[in-house]
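Observations on the three-dimensional arrangement
The residues making up each chain are set out below.
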Amino acid sequence: MAAAPAAPAAQTAPRTALGSASVPAAAPGRQDGGACRGHGVDPAARIRYRSDVVIHAPLARVWRLQTDVERWPVWQPPVTGVERLDAGPLRRGSRFRWTTPAPATPTTPATTLEITSTVRQLQRGGCLLWSGPAVGEGLRIDEGVHLWTFTEVDGGVRVHTEETWTGAQVEADVPMATAALAAGLEAWLHDLKTTAEHA
């Protein structure tokens, strides 16, 4: 589940077209640029977005930022709170609850989404997959499935992300939901890159 952008998606132009971001060659923990230990986003979902960015920072730093979920609000303004539902390092089966604002749309009110995520797959330093519902007053995403892969490249790390949403409410307006998802993922990649490169 991507953090919602602070403004309506129509005001936040994503940097890449849906599905057009380049995908590097397969790396450990990854298959065809879209899997973590053989698992990926929902192939049947109508709402999906993917993107890549190269971050000029060590893999260990990028991985630490992404997996220390309780510190997301420190470097991601759209994340307003995170609570771990278990202890220890993030691992398969770990659960966390987090909140992010969702702007009003022509069909839904402005609200705060509460997202309960469960880690489905994880390979340290390589990939991470989580899923779960997002629920707010007047808005529900039945399931978001979010994949991250991390590949060392010359000068840094290529971070690839993909996410899908399912649920009757968001599927009622696929273009609007896709634009909101795109804006959220692009903002997340931007914040991760900026934070990692200036740490």
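Above this text sits the structure in question.
Residues numbered from 1 in each chain as written. Predicted model: local features only at pLDDT ≥ 70, side-chain atom pairs only at ≥ 80, totals over all residues. Heavy atoms only, no water.

1. Quick look at unusual backbone geometry
Of all residues except glycine, most have a negative phi; of all peptide bonds, most are trans. The line we're drawing: In this text, helices come from DSSP runs of H or I with a minimum length of four residues, and strands from runs of E with a minimum of two, each type numbered from the N-terminal end.
The phi dihedral of arginine 37 is positive, around 55 degrees, even though this residue is not glycine. Along the chain, arginine 37 falls in the segment before strand E1 (47–55).

2. Some words on the environment of valine 159
This is how the line gets drawn: Here a residue-residue contact requires only that any non-hydrogen atoms of the pair lie within 4.5 Å.
Positionally, valine 159 belongs in strand E7 (residues 156–166). Distance from valine 159 to threonine 149, taken between C-alpha atoms, is 5.8 Å for residues 10 residues apart in sequence. Setting aside chain neighbours within four positions, we find valine 159 in contact with Ser51, Asp52, Val53, Ile55, Val62, Trp148, Thr149, Phe150, Leu189 and Leu192.

3. Structural notes on the sheet that holds strand E6 (residues 139–153)
As a reminder of what qualifies: We call two strands paired when DSSP finds no fewer than two bridges between them. Note on method: axes are straight lines fitted to C-alpha atoms, helices fitted across the in-contact stretch only, with angles between N-to-C directions ranging 0 to 180 degrees.
In space, the 7 strands of this open sheet follow the order E1-E7-E6-E5-E4-E3-E2, with antiparallel pairing throughout. The open sheet has two edge strands with one neighbour each: E1 and strand E2 (81–84). Each adjacent strand pair in this sheet contributes to an overall mean axis angle of 20 degrees, direction not counted. Both E1 and E7 contribute to a ladder of 9 bridges, which runs antiparallel. Pairing of arginine 50 across the sheet is with glutamate 162, part of E7. Sheet strands touched by helix H1 (residues 59–67): E1, strand E4 (111–123), strand E5 (127–136), E6 and E7. Its angle to E6, the strand with the most contacts, is close to 170 degrees.

4. Considerations on the pairing of E2
In plain terms, the rule: Partly exposed describes any residue whose relative accessible area lies between the buried limit of under 20% and the exposed limit of over 50%, with all areas from a 1.4 Å probe on protein chains only and scaled to the type maximum.
Side chains of E2 alternate between two faces, with Val82 and Arg84 buried and Gly81 and Glu83 left unburied. Where E2 lies against strand E3 (residues 95–102), 4 bridges are found, and the strand directions are antiparallel. Counterpart to glutamate 83 in the pairing with E3 is arginine 97.

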